[in-house]
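Chain by chain, the residues:
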Amino acid sequence: MENKTFKISQLLGRLAREDFYGYKIVDYWDADTEALGLQKGNVVIYISTFDFSQTGHYDIIIEESETGKVLKEGQNISYTELVADLQGL
C-alpha cells in the first residue's frame, strides 16, 4: 500500500486494533490513493478517506465481488459505524 495517503495508514492502524477475522486487504483501486479495499469471502468493502480531513468520516461501498451487487452504501459514516458494518459481515 505504498502509494496510499497517510490517512489510509492511520485507518489500517486503527482497524488492526479491532477484533476482526477473515479479512484481507485488496487494492482494486490502486490509482485511488485515498481508498482502501477489504475482502471477506465474496464480499468486498471499498472505504474512501477522501473527505476525512474535513469531516472525520468515511464513505463505503459493500458489494458482492462475483456479481457486483451493492449490499450497502454509505456516505459520511463514523469510524464506529464503519466498525459495526465490518463486524456485521
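Residues numbered from 1 in each chain as written. Predicted model: local features only at pLDDT ≥ 70, side-chain atom pairs only at ≥ 80, totals over all residues. Heavy atoms only, no water.

Engineer: Residues and numbers for the sheet that holds strand 1 (residues 24-26), please.
Structural biologist: Read from one edge to the other, the open sheet built from five strands follows the order 1-2-3-4-5, with strand pairing classed as antiparallel. Strands at the two margins of the open sheet, each flanked by one partner only, are strand 1 and strand 5 (70-77). Direction aside, the axes of adjacent strands within the sheet are offset by 20 degrees on average. Bridging between strand 4 (residues 58-64) and strand 5 involves five bridges; their strand directions are antiparallel. Paired with I62 across the bridge in strand 5 is K72. Packed on one face of the sheet, helix 1 (residues 6-16) meets strand 1, strand 2 (35-40), strand 3 (43-48) and strand 4 and runs near 30 degrees to strand 2. This element, helix 3 (residues 79-87), spans strand 2, strand 3, strand 4 and strand 5 of the sheet and lies at about 165 degrees to strand 5. (Pairing = 2+ DSSP bridges. Helix = DSSP H or I, 4+ residues; strand = E, 2+ residues; numbered from the N terminus. Axes fitted to C-alpha atoms, helices over the stretch in contact; angles between N-to-C directions. Contact = heavy atoms within 4.5 Å.)

Engineer: Lay out helix 3 in plain terms, naming residues and giving numbers.
Structural biologist: Those residues of helix 3 that fall on the buried side of the exposure criterion are Y79, L82, V83, D85 and L86. Relative to the axis of helix 3, the buried residues are bounded by an arc of 160 degrees and lie together on one face. On its buried face, helix 3 is in contact with helix 1, strand 2, strand 3, strand 4 and strand 5. (Buried < 20%, exposed > 50% of the residue type's maximum accessible area, 1.4 Å probe, protein only. Arc of directions from axis to C-beta.)

Engineer: Quick one: what's the story with the packing of helix 1 against helix 3, residue by residue and with numbers?
Structural biologist: In a pair of packed helices, the angle between the axes and the distance between the axes together describe the arrangement. Taken N-terminus to C-terminus, the directions of helix 1 and helix 3 make an angle of 55 degrees; their axes are 12 Å apart at the nearest point. What the angle tells us is that helix 1 and helix 3 run oblique. Pair helix 1 / helix 3 crosses with right-handed handedness. Here L11, R14 and L15 of helix 1 come into contact with helix 3, specifically with Y79, L82 and L86. Broken down by class, the residue content of the contact of helix 1 with helix 3 amounts to five nonpolar, no polar and one charged. (Parallel < 35°, antiparallel > 145°, perpendicular 65-115°, else oblique. Left-handed = near helix turned anticlockwise from the far one by under 90°. Nonpolar A, V, L, I, M, F, W, Y, C, P; charged D, E, K, R; others polar.)

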